[in-house]
Amino acid sequence: MIALDILLAFLPVILFLVGLLYLDSFKLVHLRTIMLLITVGCCMAALSFAINRSFGLDPKIIRRFVGPAVEEILKAIPIFFLLRVKRIGFLIDAAICGFAIGTGFALAENVYYLSALHNPQPALWVVRGFGTAMMHGGTTAMLAMTAKVRDKTWLILPAVFGAFAIHSLFNHFVLSPTVSTIVIVLVLPPLMALVFGQGERYMQNWLGSGFDLESDLLETIQSGNFEQSSAGQYLQNLRDHFDGTVVADMLCYLRLRAELSLRAKGVLMLRESGLPVKHDEETAAKLTELRYVKDSIGKTGELALAPILHHSRHDLWQLHMLERD
């Protein structure tokens, strides 16, 4: 019976997370990152338990209002951090990272209930495993996707409120726990499948258009006719405002950014095809050189290059991906 309780409490949310990782053909989130986020979720669960107990309020008020608010805010903190440092590039990895944090939170919560409750009915673990645990993962995943969809970290505030509303409604038991669990099981998987389908189509379009732009820029630089191009003429005009050596570093910066961006897109294409990606010493050297050149041109120089850099909201994410690979 204990074995059945453990399976019902832990297995559904873990299997769902594994399913999300399987659906991600680009392998955007590393396994070590997933394990770290699950651990963070466990820590947030322990912290929320301590905070909720410190209020000394009616358990019903805690369950319906205070608990959902505290828990969703704590689960949002690591998402906010990941967005701020540009470690989440697309909706797909936002969903995976959010669900991983919610998974850790749910696992820690169910560990506590397994140790605190004596001889509970299996129906309780069905509700907690398929209902409450999936709700924790689902609300945090939706929170992360909402904040990512426009790439604005401030959107995490209305996203937290939305997650709180869903969590609070679930804890009000407007529907019976069994019916609420059935609704979550029926709604969450197709919703995530829809998000992943849209995300994969967006990534395919981004890979194609970005690859063409950066290939053209790199070809122009390497052809020897860069000065006749519009980008080359723009760079020549900067000589009136910057020292010649700085302008030369700007050209080097443009070349490195194009080469590294093409490398990042190549890595994603290999992953999508299921081919192995080997560590590239040349890429590591270019990343080091890019950091040196970036310091050389300074923030003012980088801003001056913005009109010809073809900046996208995924540029920093690409560089982080190459660094961790």
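Preceding this paragraph is the structure being described.
Residues numbered from 1 in each chain as written. Predicted model: local features only at pLDDT ≥ 70, side-chain atom pairs only at ≥ 80, totals over all residues. Heavy atoms only, no water.

(A) Structural detail: the overall build of the chain. Of regular secondary structure, the chain possesses 11 helices and 0 strands. Ordered by position from the N terminus, the helices and strands of the chain form the series α-α-α-α-α-α-α-α-α-α-α. Buried residues in the chain amount to 46% of all 325 residues. In the chain, once contacts between residues fewer than 6 apart in sequence are set aside, the share between residues at least 24 apart is 82%. Element-wise, carbon and sulfur atoms account for 65% of the exposed surface of the chain, whose accessible area totals about 16400 Å². In the chain, which carries 28 positive and 28 negative side-chain charges, the distance between the mean positions of the two groups comes to 9 Å. (Helix = DSSP H or I, 4+ residues; strand = E, 2+ residues; numbered from the N terminus. Buried < 20%, exposed > 50% of the residue type's maximum accessible area, 1.4 Å probe, protein only. Contact = heavy atoms within 4.5 Å. Areas by Shrake-Rupley, 256 points an atom, 1.4 Å probe, with all protein chains shown as cover. Lys, Arg positive; Asp, Glu negative; His and termini not counted. Charge placed at Lys NZ, Arg CZ, Asp CG, Glu CD.)

(B) Region of interest: the layout of surface pockets. Size it by volume and the largest pocket reaches roughly 830 Å³. For the largest pocket, the lining is made up of 32 residues, of which Arg63, Glu71, Glu109, Tyr113 and Arg128 are closest to its centre. (1 Å grid on protein atoms, 1.4 Å probe; cavity = no way out; pocket = protein on both sides within 12 Å on 5 of 7 lines; lining within 4 Å. Points joined across faces, edges and corners; volume = space filled by probe spheres on them.)

(C) Representation of the packing of helix H9 (residues 244-272) against helix H11 (residues 315-324) in the model. It is the contact of H9 with H11, at a shortest axis distance of 9 Å, that shows an interaxial angle of 70°. Here H9 lies roughly perpendicular to H11, going by the angle between them. Like other packed secondary-structure pairs, H9 and H11 cross with a definite hand, here left-handed. Listed contacts from H11 to Arg257, Leu260, Ser261, Arg263, Ala264, Lys265, Val267, Leu268 and Arg271 of H9 are Asp315, Trp317, Gln318, Leu319, Met321 and Leu322. In terms of residue class, the contact of H9 with H11 is made up of 8 nonpolar, 2 polar and 5 charged. (Axes fitted to C-alpha atoms, helices over the stretch in contact; angles between N-to-C directions. Parallel < 35°, antiparallel > 145°, perpendicular 65-115°, else oblique. Left-handed = near helix turned anticlockwise from the far one by under 90°. Nonpolar A, V, L, I, M, F, W, Y, C, P; charged D, E, K, R; others polar.)

(D) Local environment of the nonpolar core. Counting 84 residues, the largest nonpolar core has Leu28, Phe99, Leu143, Met192, Met250, Leu268 and Leu305 as its most contacted members. Among the elements that take part in this core, H9 stands out by supplying 13 residues, more than any other. In terms of nonpolar packing, the next biggest core, distinct from the first, is built from 7 residues, Met44, Ile62, Val66 and Leu74 among them. (Core = buried A, V, L, I, M, F, W, Y, C linked by side-chain atoms within 4.5 Å.)

(E) Focus on empty space enclosed by the protein. If you walk through the whole model with that rule in mind, you get 2 cavities of 30 Å³ or more. Approximately 120 Å³ is the volume attributed to the largest cavity. Listing elements by their share of the lining of the largest cavity, those giving two or more residues are helix H7 (177-223), H9 and H11. Examining the composition of the lining of the largest cavity, we find that 5 residues originate from one element, H9, more than from any other.

(F) Geometry of the packing of aromatic side chains. In total, this model carries 7 aromatic pairs according to the counting rule given. Measuring from centroid to centroid gives 4.8 Å for Phe16 and Phe99, while their planes differ by 35°, and the two rings are tilted. With a gap of 83 residues between them, Phe16 in helix H1 (residues 2-23) and Phe99 in helix H4 (residues 91-116) connect regions that are remote in the sequence. For the pair Phe16 and Phe99, one class covers both residues: buried. (Phe/Tyr/Trp six-rings, centres within 6.5 Å; stacked < 30°, edge-to-face > 60°.)

(G) The arrangement of the pattern of salt bridges in detail. Summed over the entire model, instances satisfying the criterion amount to 9 salt bridges. Residue Lys75 is joined to Glu72 by a salt bridge in which the shortest nitrogen-to-oxygen separation is 3.1 Å. Within this pair, Lys75 and its partner Glu72 are both found in helix H3 (residues 59-84), separated by 3 residues, close to a single helical turn. We note that Lys75, like Glu72, is buried. One salt bridge in this structure joins Arg255 and Glu289, with 3.8 Å as the shortest N-O distance. (Salt bridge = Lys/Arg side-chain N within 4 Å of Asp/Glu carboxyl O.)

(H) Structural detail: the environment of Asp5. Within the element layout of this structure, Asp5 appears in helix H1. Owing to a relative accessible area of 4%, Asp5 belongs among the buried residues under this scheme. Those residues within four positions of Asp5 in sequence are excluded, and the remaining contacts are Leu114, Pro122 and Trp125.

(I) The side chain of Asn171, seen in detail. For Asn171, the location among the structural elements is in helix H6 (residues 156-172). Assessed through its relative accessible area of 11%, Asn171 is described here as buried. Filtering out sequence-adjacent residues up to four positions away, Asn171 remains in contact with Arg63, Arg64 and Pro68.

(J) Quick peek at the environment of Val111. Its location among the elements puts Val111 in helix H4. Sequence separation between Val111 and Ile6 is 105 residues; the distance between their C-alpha atoms is 8.8 Å.

(K) Geometry of helix H8 (residues 230-237). Every buried residue of H8 is listed here: Ala231, Gly232 and Leu235. All buried residues of H8 lie within an arc of 100° about the axis, which places them on one face of the element. Each element contacted by the buried residues of H8 is listed here: H9 and helix H10 (281-305). (Arc of directions from axis to C-beta.)

(L) Representation of the packing of H4 against H7 in the model. Axis separation between H4 and H7 bottoms out at 8 Å; the angle between their running directions is 145°. Along its contact with H4, which presents Leu91, Ile92, Ala95, Ile96 and Phe99, the element H7 presents Leu188, Met192, Val195, Phe196, Gly199, Glu200 and Met203. Among the residues making up the contact of H4 with H7, the classes are represented as 10 nonpolar, 1 polar and 1 charged.

The values are spatial; any link to function lies outside them.
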